[in-house]
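Coordinates in review
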Amino acid sequence: MPSLSSPKPSTFSKFHSFPRKQLSTRPPCIVKSFLNLTSQSQLAQAISSLEPLSRKGIRLPCQTLGYLILQCAKTKSLKLGKKIHLHLKLTGFKRPNAFLANNLIHMYMTCADYVGAYKVFDEMPMKNVYSWNNMLSGYAKLGKVKPARKLFDKMPEKDVVSWNTMVIAYAQSGLYNEALRLYRELRNLGIGYNEYSFAGLLNVCVKCKEVDLTRQAHGQVLVAGFLSNLVISSSVVDSYAKCSKMSDARLLFDEMNVRDILSWTTMVSGYAQLGDMEAANEIFDLMPKKNPVSWTALIAGYARHGLGHKALELFTKMLMLRISPDQFTFSSCLCACASIASLNHGKQIHGYFTRTHFRPNTIVVSSLIDMYSKCGSIEMASLVFDLMGNKRDVVLWNTIISALAQHGHGEEAIQMFDDMVRLGMKPDEITLVVILNACSHSGLVMEGLRLFESMTCCHGVVPNQEHYACLIDLLGRAGHFDRLLGQLEKMPCKPNDQIWNALVGVCRIHGNVELGRKVAEKLIELKPQSSAAYVLLSSIYAALGRWESVEKVRQLMNERQVKKERAVSWIDIENKVHSFTVSDQLHPLKEAIYSVLVQLADHMEEEVASINNE
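This is a predicted model, so every value here is computed, not measured.

1. Some thoughts on the overall build of the chain
When its secondary structure is counted, the chain shows 35 helices and two strands. Taken across its 614 residues, the chain has 45% of its residues classed as buried. Sequence-distant contacts, at least 24 apart, represent 60% of the contacts inside the chain between residues at least 6 apart. For the chain, the accessible surface area stands at approximately 32900 Å², while carbon and sulfur atoms represent 53% of it.

This is the structure in structure tokens:
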């Protein structure tokens with residue numbers, strides 16, 4: 001957003017007089033003492049001194065008064081700002097000059113009092129373009145797009161700042177089409193543009209993740225000659241990264257003569273989002289300077305893509321270098337602990353909160369609950385939730401309900417859901433997904449149906465594909481295939497792969513081969529490169545001993561080059577996490593591991609033989 005701080009006046013305003021006595025000139029020492037007070041963070045004391053000075057017939061210069069108003073804006077001291085405004089009215093400035101009025105508008109808007117700002121603006125006898133832009137910028141920064149547009153349309157004269165402000169306001173409010181329309185109109189008017197003219201456009205590119213729009217914006221910035229601007233070039237790089245076009249992002253990044261920590265971090269984050277951790281790590285190592293955001297981007301990438309042990313190694317290194325983690329760092333690390341079921345590491349991170357008096361936000365607390373749950377300690381997960389003072393965030397409730405559901409505590413999950421509603425919390429779409437899953441995994445069919453049927457009327461949540469998938473799973477696990485097919489027919493939308501996946505799963509559980517085959521074929525038709533349907537169909541045939549059919553499914557996968565994701569197992573030994581895959585030949589202790597596995601297999605065969613003999 002362009003800076004809209006008040007310009008310095010070319011001359012001092014003439015002083016008004018009180019009805020009965022003329023105000024005297026101001027000794028320089030008084031002005032100096034005021035400035036000293038404000039610089040020593042004694043703004044309230046300085047403003048309290050205005051009244052006795054006015055009684056003595058002394059009024060401060062407009063520049064000093066304007067400076068005091070700006071200090072109130074800087075510290076967001078609305079009460080003190082109003083005192084100065086009252087002082088102006090009492091000392092002959094009922095309608096302050098343009099300089100003071102613009103400072104007052106800025107102060108009121110910064111303190112989020114747009115009504116007070118508009119009152120000052122409306123009473124101004126003369127308004128210049130700066131005054132209009134001052135109001136416009138205030139509305140925009142407060143997210144008041146409708147009054148901003150109304151003011152914009154009334155402006156007798158608009159300059160490039162006015163247009164830039166509106167484009168950025170629309171972009172930041174998510175009204176991307178209107179932002180683009182105004183941007184095109186600005187370019188067609190031919191009134192000129194500056195670097196801020198591209199800020200709203202690039203904001204739209206980043207949020208919409210449209211590569212064609214990003215390339216057009218890149219071209220316009222290049223032609224306009226602003227690509228050397230660090231902020232603009234970094235925004236273009238960020239937009240390419242958000243569109244998953246890292247080759248384009250890297251090309252522009254390499255051409256940048258100056259790179260700040262934000263542009264470096266954007267590249268690390270972009271590669272990490274795509275799962276190219278080798279490239280992300282390469283860029284990270286080349287960074288001349290790193291901050292917690294840079295470290296977190298790489299840690300989050302490792303955690304997100306199944307490399308939890310690498311994420312935790314990096315976190316340990318971060319702490320050794322005395323770099324303070326932030327909320328996102330802890331959330332990512334706890335997710336890493338959950339992904340590899342490393343309870344020991346999770347407890348260490350929890351202990352760090354206590355030792356350092358770190359105050360985790362709701363997202364971190366939710367990650368902590370999730371970590372304990374996925375590491376098998378539902379008791380600790382529940383304790384963390386119970387000890388959380390502020391439970392007004394739905395994310396927190398969703399996490400604990402999901403944790404209870406994962407551990408098969410369906411009735412406790414329903415009780416938690418009821419407590420949530422009783423406390424006045426409004427369930428969202430995710431809440432209904434996790435509570436339906438809880439009912440499904442605990443066989444609570446009637447409770448699940450009741451909740452599904454009450455979603456819209458009681459909680460204002462319209463069922464989507466994920467909710468129907470939960471319903472299919474609920475009915476299917478209980479063997480109610482007739483009701484299940486009836487629900488499929490009543491669906492207001494065409495079933496997607498989530499629905500078919502749920503249906504194949506319950507067919508496998510109950511050995512419903514014919515229906516499972518038809519559904520798997522439908523799923524393979526929808527997503528031919530997804531291994532899920534092939535694996536589920538193969539599992540159905542294997543459970544029934546139809547090994548020829550299993551082989552045919554595998555042949556089809558080979559023909560279509562569909563690869564099943566390899567399962568990974570972890571074990572935590574002496575504070576170190578070891579990962580394994582099927583037929584793993586890379587682990588340094590593979591010979592010892594396979595030797596133990598052979599012994600275990602032999603022992604199991606002996607036990608089975610012993611039981612059979614009995």
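2. A look at helix α10 (residues 160-172)
For α10, built from 13 residues, the straight-helix expectation of 18 Å at 1.5 Å per residue is met to within 8% by its first-to-last C-alpha distance of 18 Å. Here α10 lies mainly inside the structure; eleven of its 13 residues are buried. Its side-chain oxygen 3.1 Å from the backbone nitrogen of Val161, Asp159 forms the N-cap of α10. Remark: Gly174 follows α10 within two positions and exhibits a positive phi of approximately 85 degrees.

3. Regarding the state of the cysteines
Note on terminology: disulfide describes a covalent bond linking the sulfur atoms of two cysteines. Under the defined criterion, the tally for this structure stands at zero disulfides. Its sulfur unpaired, Cys205 is 7.5 Å from the next cysteine sulfur, which belongs to Cys243. For Cys205, a relative accessible area of 0% translates into the label buried.

4. Here we look at the UniProt feature "repeat: PPR" (unreviewed entry) in the chain
As recorded in UniProt, the feature "repeat: PPR" (unreviewed entry) lies at residues 128-162, 260-290, 291-325 and 393-427. Secondary structure content for residues 260-290 is 77% helix and 0% strand, while the C-alpha to C-alpha distance between its ends is 10 Å.

5. Details of the environment of Ala303
Checked against the element boundaries, Ala303 lands in helix α18 (residues 292-304). Separated by 35 residues in the primary sequence, Ala303 and Ala338 place their C-alpha atoms 9.3 Å from one another. Those residues in contact with Ala303, other than ones at most four positions away along the chain, are Ala311, Ser332 and Ala336.

6. So, the packing of aromatic side chains
Inspection of the entire model under this criterion finds 17 aromatic pairs. Relative to Phe121, the ring of Tyr118 lies with its centre 6.0 Å away and its plane at 45 degrees, an arrangement referred to as tilted. With Tyr118 and Phe121 both in helix α7 (residues 114-123) and three residues apart, this pair spans about one turn of that helix. The lysine or arginine in question, Arg187, covers the ring of Tyr193, its NZ or CZ lying 4.3 Å from the ring centre. The positively charged end of Arg259 is found above the aromatic ring belonging to Phe253, 4.5 Å away from the centroid.

7. Brief notes about a positive patch on the surface
Taken together, the side chains of Lys89, Lys94, Arg95 and Lys119 make up a positively charged region of the molecular surface. Of note, Lys119 is situated in helix α7.

8. As for the side chain of Gln487
Relative to the assigned elements, Gln487 resides in helix α30 (residues 481-490). Setting aside residues up to four positions removed in sequence, Gln487 forms contacts with Phe452, Tyr468, Leu471 and Leu475.

9. A few points about the nonpolar core
Counting residues in hydrophobic clusters, the biggest one holds 175 residues, and the most contacted among them are Ile349, Ile401, Ile435 and Leu503. Setting aside anything within four residues of it in sequence, one finds Ile435 in contact with Ile401, Ala413, Ile414, Phe417 and Leu451.

10. A closer look at the pattern of salt bridges
By the definition in use, this model includes 13 salt bridges. Glu185 is the partner of Arg181 in a salt bridge, and the nearest nitrogen-oxygen pair spans 3.2 Å. With Arg181 and Glu185 both in helix α11 (residues 176-189) and four residues apart, this pair spans about one turn of that helix. Residue Glu185 is classed as partly exposed on the basis of its relative accessible area, which comes to 31%. Residue Glu282 pairs with Arg250 through a salt bridge whose shortest N-O separation is 3.8 Å. One end of the pair, Glu282, is in helix α17 (residues 277-286); the other, Arg250, is in helix α15 (residues 246-255), with 32 residues separating them in the sequence.

What counts, and where the lines are drawn
- Residues numbered from 1 in each chain as written.
- Predicted model: local features only at pLDDT ≥ 70, side-chain atom pairs only at ≥ 80, totals over all residues.
- Heavy atoms only, no water.
- Helix = DSSP H or I, 4+ residues; strand = E, 2+ residues; numbered from the N terminus.
- Buried < 20%, exposed > 50% of the residue type's maximum accessible area, 1.4 Å probe, protein only.
- Contact = heavy atoms within 4.5 Å.
- Areas by Shrake-Rupley, 256 points an atom, 1.4 Å probe, with all protein chains shown as cover.
- Expected span 1.5 Å × (residues − 1).
- Polar contact = N/O pair within 3.5 Å; in protein donor to acceptor, adjacent residues only side chain to side chain.
- Disulfide = S-S within 2.5 Å.
- UniProt positions renumbered as here; feature names shortened; annotations may be inferred.
- Phe/Tyr/Trp six-rings, centres within 6.5 Å; stacked < 30°, edge-to-face > 60°.
- Lys NZ or Arg CZ within 6 Å of the ring centre and 35° of its normal.
- Patch = residues over 30% accessible without salt bridge, like charges linked within 9 Å, V, L, I, M, F, W, Y side chains within 5 Å.
- Salt bridge = Lys/Arg side-chain N within 4 Å of Asp/Glu carboxyl O.
- Lys, Arg positive; Asp, Glu negative; His and termini not counted.
- Charge placed at Lys NZ, Arg CZ, Asp CG, Glu CD.
- Core = buried A, V, L, I, M, F, W, Y, C linked by side-chain atoms within 4.5 Å.

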